[in-house]
Protein chains: 2
Amino acid sequence: MKNDNISGSVISRLPSYYHCVEELYQCNCVRVSSATLAQRLGYTASQIRQDFSCFGEFGLQGYGYNVKKLRYEIRDILGMNHPSTAILIGCGNLGQALLKNFNFPYGGFYMLAAFDVDVTKIGKQIGSVCIMDYKDMQKVIEEKLPDMAVLTVPQGEAAEIASTLADLGIRAIWNFTGAELHVEDKGVVVEQASLVDSLLTLGFRLNQA
Amino acid sequence: MKNDNISGSVISRLPSYYHCVEELYQCNCVRVSSATLAQRLGYTASQIRQDFSCFGEFGLQGYGYNVKKLRYEIRDILGMNHPSTAILIGCGNLGQALLKNFNFPYGGFYMLAAFDVDVTKIGKQIGSVCIMDYKDMQKVIEEKLPDMAVLTVPQGEAAEIASTLADLGIRAIWNFTGAELHVEDKGVVVEQASLVDSLLTLGFRLNQA
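Residues numbered from 1 in each chain as written. Chains lettered and ligands numbered in written order. Predicted model: local features only at pLDDT ≥ 70, side-chain atom pairs only at ≥ 80, totals over all residues. Heavy atoms only, no water.

Caption draft 1: Examining the interface of chain B and chain A more closely. Listed per partner, the contact involves 63 residues of chain B and 63 residues of chain A. Taken together, the two surfaces of chain B and chain A that pack against each other cover about 5,300 Å², and 63% of this comes from carbon and sulfur. Our count for the chain B to chain A interface comes out at two salt bridges. At the surface where chain B touches chain A, the tally comes to 15 residue pairs in polar contact (both at pLDDT 80 or more). Secondary structure elements with two or more residues in the side of chain B that touches chain A: α1 (8–26), α4 (67–77), α5 (93–101), β9 (172–175), β10 (189–192) and α8 (196–208) of chain B. With 13 residues, the single largest contributor to the side of chain B that touches chain A is α8 of chain B. Its residues placed into classes, the side of chain B that touches chain A shows 33 nonpolar, 19 polar and 11 charged. (Contact = heavy atoms within 4.5 Å. Buried area = accessible area lost by both parts, 1.4 Å probe. Salt bridge = Lys/Arg side-chain N within 4 Å of Asp/Glu carboxyl O. Polar contact = N/O pair within 3.5 Å; in protein donor to acceptor, adjacent residues only side chain to side chain. Helix = DSSP H or I, 4+ residues; strand = E, 2+ residues; numbered from the N terminus. Nonpolar A, V, L, I, M, F, W, Y, C, P; charged D, E, K, R; others polar.)

In structure tokens:
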């Protein structure tokens, strides 16, 4: 499904919809009204109906939404019905923490390989992958054609590595480095990974408490 | 400023407003229209005006917003005009990555101390703090009265430590453990730190590309 004109605010609510509907689905809930979704999410029911209508009509007046169908549609919008693959570059503290603890499949991605230049790290098993030599990255990308690269290298090295990844056909970069990457003109989607929004929300709630 | 009835969707847009207005302020921009903000953020101008009106009137018809004043108000809403303090508990890969690389002050918090039980870590300088013995945590909290604790301990230990923190007067927990913490009834604000929303957004954009 392609939707070129989805507003930033609708996109920003998609993850909440995903979490909520996954939870309903795991609890064997069969149908849900926009009013119930509104209550769980803190949005208005009309906003939810309007958001969902951007992606096509999958609710019925007076019945609400079929959870299984809604889940399918939301996963489809998020590209999760065809799971994507990823590699990770830079196995420092953050890289290793992600490999060990982060639930990539829940986010729609399968981790294929991880790379570092540090010989003391190469060969170490972290989570589901074994750290490989950065020198072998090109070969692995050409063989396995991963969709996305998680970039957890030092900031100063980010731009050059991103450019290499773009030339090797990587279609998306999840950028933890804080560096500005200029690979969008090569058709690469770049998403800044940031925890600061979560901390800002905490600050807001602490200030209200 | 207290606003008891701010909807979840307005709160979810606050971080974007903060980043955008900080950037305008750093570039010495004096005033900005809701139309310009809308263009930068992907929201509609009327949504922005409506959101800002929840916090009081600080725009002028035909003039737009004074950037300095807008920044002050947004920082005030986020509790940043009175910076808060934090400690971090659990200096594994993720804890150390946060101490080394995460910009807590930009998020409105100053890091006072970090704790671990592992004697091989105690005494190590990471970022601006030196890892202290977890046994000394109570004393440090009683002396320095931090507002918030970053929880990066193993999941199985999270609930008990959260309960201890609540009893010691910690007012907020930034929870990286994935554990459900039941300390809200003790008046503690708990914010789940999650990168998955950023990854879901990446998946969406990759699917649209």
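So that's the structure; there's more coming.
Caption draft 2: Representation of the relation of the copies chain B and chain A. Least-squares fitting of chain B to chain A yields an RMSD of 0.0 Å, with the superposition described by an axial translation of 0.1 Å and a rotation of 180°. With respect to symmetry, the two chain copies, as superposed, fit the operation of a two-fold axis. Of every C-alpha in chain B, the one belonging to N93 of chain B sits nearest the axis of rotation, 2.3 Å from it. A share of 100% of interface residues in chain B that are also interface residues in chain A marks the association as one of identical surfaces. (Least-squares fit on C-alpha atoms with pLDDT ≥ 70 in both.)

Caption draft 3: Examining the packing of helix α2 (residues 34–41) of chain A against helix α3 (residues 45–53) of chain A more closely. Residues and elements named next belong to chain A. As a packed pair, α2 and α3 sit with axes 8 Å apart at the nearest point and diverge in direction by 110°. Judged by the angle between their axes, α2 and α3 are roughly perpendicular. The residues of α3 that touch α2, namely those facing S34, A35, L37, A38 and L41, are A45, I48, R49 and F52. (Axes fitted to C-alpha atoms, helices over the stretch in contact; angles between N-to-C directions. Parallel < 35°, antiparallel > 145°, perpendicular 65-115°, else oblique.)

Caption draft 4: Looking closely at the sheet that holds strand β3 (residues 64–66) of chain A. Residue and element names in this part refer to chain A. In spatial order, the strands read β1-β3-β2; together these three strands make up an open sheet with antiparallel pairing. Both outer strands of the open sheet, β1 (31–32) and β2 (59–60), are each paired with one neighbouring strand and no more. Two elements, β1 and β3, share two bridges in a ladder whose sense is antiparallel. The residue of β3 that forms the bridge with V32 is Y65. (Pairing = 2+ DSSP bridges.)

Caption draft 5: Quick look at the environment of G79 of chain A. With respect to the helices and strands, the residue G79 of chain A is situated in the loop between α4 (67–77) and β4 (84–89). Along the chain, G79 of chain A and G107 of chain A lie 28 residues apart, while their C-alpha atoms are 10.0 Å from each other.

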